[in-house]
Amino acid sequence: MELRSNQWYAGDDRNAYIHRAWMRRGVPDDAFTGRPQIAIANTASDLTPCNAHLTTVAQSVKNGILEAGGIPLELPVVSLGETQVRPTAMLWRNMAAMATEEMLRANPIDGVVLLGGCDKTIPALLMAAASVDIPAVVVPGGPMLTGTFRGVALGCGTDVWRLSEEVRGGTLSEADFLRSESSMIRSAGHCNTMGTASTMALVAEALGTIVPGVAGTPAPDARLLEAAQLTGRLAVELVAQGRRPSTFLTEGSFHNAIVALAAIGGSTNAVVHLLAIAGRLGIELTIDDFDRIGSSVPLLVNLQPAGTHLMEDFHRAGGLLAVLREVRDLLDPDALTITGRPLVDYLEVAPSWDADVISARSTPFQRDAGIAVLRGNLAPGGALIKPAAASPHLLKHRGPALVFDSIEDFHARIDDPDLDVTADSVLVLRGCGPMGYPGMPEVANMPLPQKLLEQGVRDMVRICDGRMSGTAYGTVVLHVTPEAAAGGPLGLIRTGDWISLDVRGRRIDVELTPEELGARGPADAMVEAFADPRRGWERLYVDHVMQADTGADLDFLRGASGSAVSRESH
Ligand code: FES
């Protein structure tokens, strides 16, 4: 087949001369004739510690590409360190996707290996690849090894939340809390809980964009490098076969991703990411599909934050394929993977080696565990809750709202001893949606009031138009759409209004009539937040970001532009 890179390198004219001459780097003539040019889109960065080891992984990918006759070309792309970038990595996901998309299109490349790990990196890379639509395959960076503190395993993220709540509740000293810090991150790799990074790697594999059996391999495991080398070889094959994202990603692929998301008890963040990736491919996926397909799927994985184990245990127990084998009948048998074979083909021999980590379908850790989509007069466009991470006694609840207009307002008041709050109160945090923050930060799992923690309260109903960390837990209604800043009813309620939550009935309501709600204006803080002039990316983002129910992508980035570049550079 005609290589895309021939548009740059083939021929005897001045432009082809220029493109070749600056790329010779000592390579022979045949590097430009008939050999696929494979980019390695690398999110390695010292400021993304979860991905820093991807420079080593890239070397193995390069070896595989060369072995198969391709030319490897490392392409550093925008990287997002979840714990470092402010105000939230999600503000930059679409920028990372847009920049990667443009660089993949602008350069003389025929295919790409995508190296990601930390939360936003795999979603951004897949969004980019879907819009350029050149052959693309992911190598996930893998989770870190399990760290321990005083003989007890530490789940990164989850145990930070748990230990800091213990300090606030007076059951752990601050000195002991700080002592655990150097034990939290034991090795290279991303968070080792079933947080967003683990979830997105596993979901990307279920989607078909990773070689089956690779996702979840720990970052320091030699088998990751082996998989990287084999994936490098595969990338060359993909070009020869013309296997682009649009040729094998279908509604069925997303169906399988949603089944996997539910069975692993994955992060709610996967919802916005999958919606955004589907939007790039022109596949009609809605939040209701997550409830329809996933909510009756049993939870088969006992990993933090919903359970006890960590990703190293998950990989040892058989990984994603062992999980999917148990729900094989729920999968789309025709959905293909990047290898050209259906996902279900890989499930014949995929046992669970440890039933305490990956259970049989007949003895699940929880029945009906997928993400539930709620609607009501508080969330006409929908809201999510992850029942597996919630307290069963709060899944049907009625209580008075305690409203916070921003995360700063929340921090300023939540531990006030005079705060009028009980365990029945419903904590409401608004101004945290895609437009309002901006960037939809992970703040929905609000810490509980100190005085209630001291009384032994460990969960309350919380409602927010933002997201929550995949490593977090609690009865949290999140991604409320439309967000308060976009004029949603969440911006109209007041402290003391009664809120009712009914997860089984899929309802979230404020006990006000349409007339009462209609008579109210938005809170002053919502209006003030938008008085700020913005520039640069923030301005572009706020002007174009869509709501959470469609994946919080920018409106002009939906769909694909393909790989064609119509004009020369000289
Ligand atoms: Fe990178 Fe958790 S901070 S995956």
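Conventions used here
- Residues numbered from 1 in each chain as written.
- Predicted model: local features only at pLDDT ≥ 70, side-chain atom pairs only at ≥ 80, totals over all residues.
- Heavy atoms only, no water.
- 1 Å grid on protein atoms, 1.4 Å probe; cavity = no way out; pocket = protein on both sides within 12 Å on 5 of 7 lines; lining within 4 Å.
- Points joined across faces, edges and corners; volume = space filled by probe spheres on them.
- Nonpolar A, V, L, I, M, F, W, Y, C, P; charged D, E, K, R; others polar.
- Helix = DSSP H or I, 4+ residues; strand = E, 2+ residues; numbered from the N terminus.
- Salt bridge = Lys/Arg side-chain N within 4 Å of Asp/Glu carboxyl O.
- Buried < 20%, exposed > 50% of the residue type's maximum accessible area, 1.4 Å probe, protein only.
- Polar contact = N/O pair within 3.5 Å; in protein donor to acceptor, adjacent residues only side chain to side chain.
- Contact = heavy atoms within 4.5 Å.
- Pairing = 2+ DSSP bridges.

All right, on to the layout of surface pockets then. If you add up the space inside the second largest pocket, you get close to 290 Å³. Surrounding the second largest pocket, 14 residues form its lining, D368, P387, L395, V503 and R506 being those nearest its centre. The residue makeup of the lining of the second largest pocket, split by class, is five nonpolar, three polar and six charged.

We now examine unusual backbone geometry. Here the residue pair R86 and P87 is connected by a cis peptide bond, since its omega of 0 degrees sits within 30 degrees of zero. Among the secondary structure elements, P87 is positioned in the loop between β2 (71-76) and α4 (89-106). Following Q304, the chain continues to P305 via a peptide bond in cis, the omega torsion being 10 degrees. Within the secondary structure, P305 is located in the loop between α14 (287-294) and α15 (311-316). Not every positive phi belongs to a glycine, and M440 is a case in point at roughly 55 degrees. When you line up the elements, M440 lands in the loop between β10 (426-429) and α18 (450-454).

Turning to the pattern of salt bridges, a few remarks are in order. One pass over the full model with this rule turns up 34 salt bridges. The salt bridge partner of D221 is R223, with a shortest N-O separation of 2.7 Å. With relative accessibility at 15%, the residue D221 sits in the buried group. A salt bridge links D502 to K396; the nearest nitrogen and oxygen atoms lie 3.7 Å apart.

A few words now on the side chain of R520. Its location among the elements puts R520 in the loop between α19 (514-518) and α20 (524-529). At 2.7 Å, the side chain of R520 forms a polar contact with the side chain of D497. Here R520 is in contact with L492, I493, R494, D497 and L512, once residues within four sequence places are set aside.

This brings us to the pairing of strand β8 (residues 379-385). Extensive coverage of β8 is indicated by the burial of six of its seven residues. Bridge count between strand β7 (residues 372-376) and β8: four bridges; the pairing is antiparallel. Paired with V373 across the bridge in β8 is L384. Counted along the chain from β7 to the antiparallel partner β8, the turn is two residues long. When β8 meets strand β12 (residues 476-481), the two strands line up antiparallel, connected through two bridges. Within β12, the residue paired with L384 across the bridge is L478.

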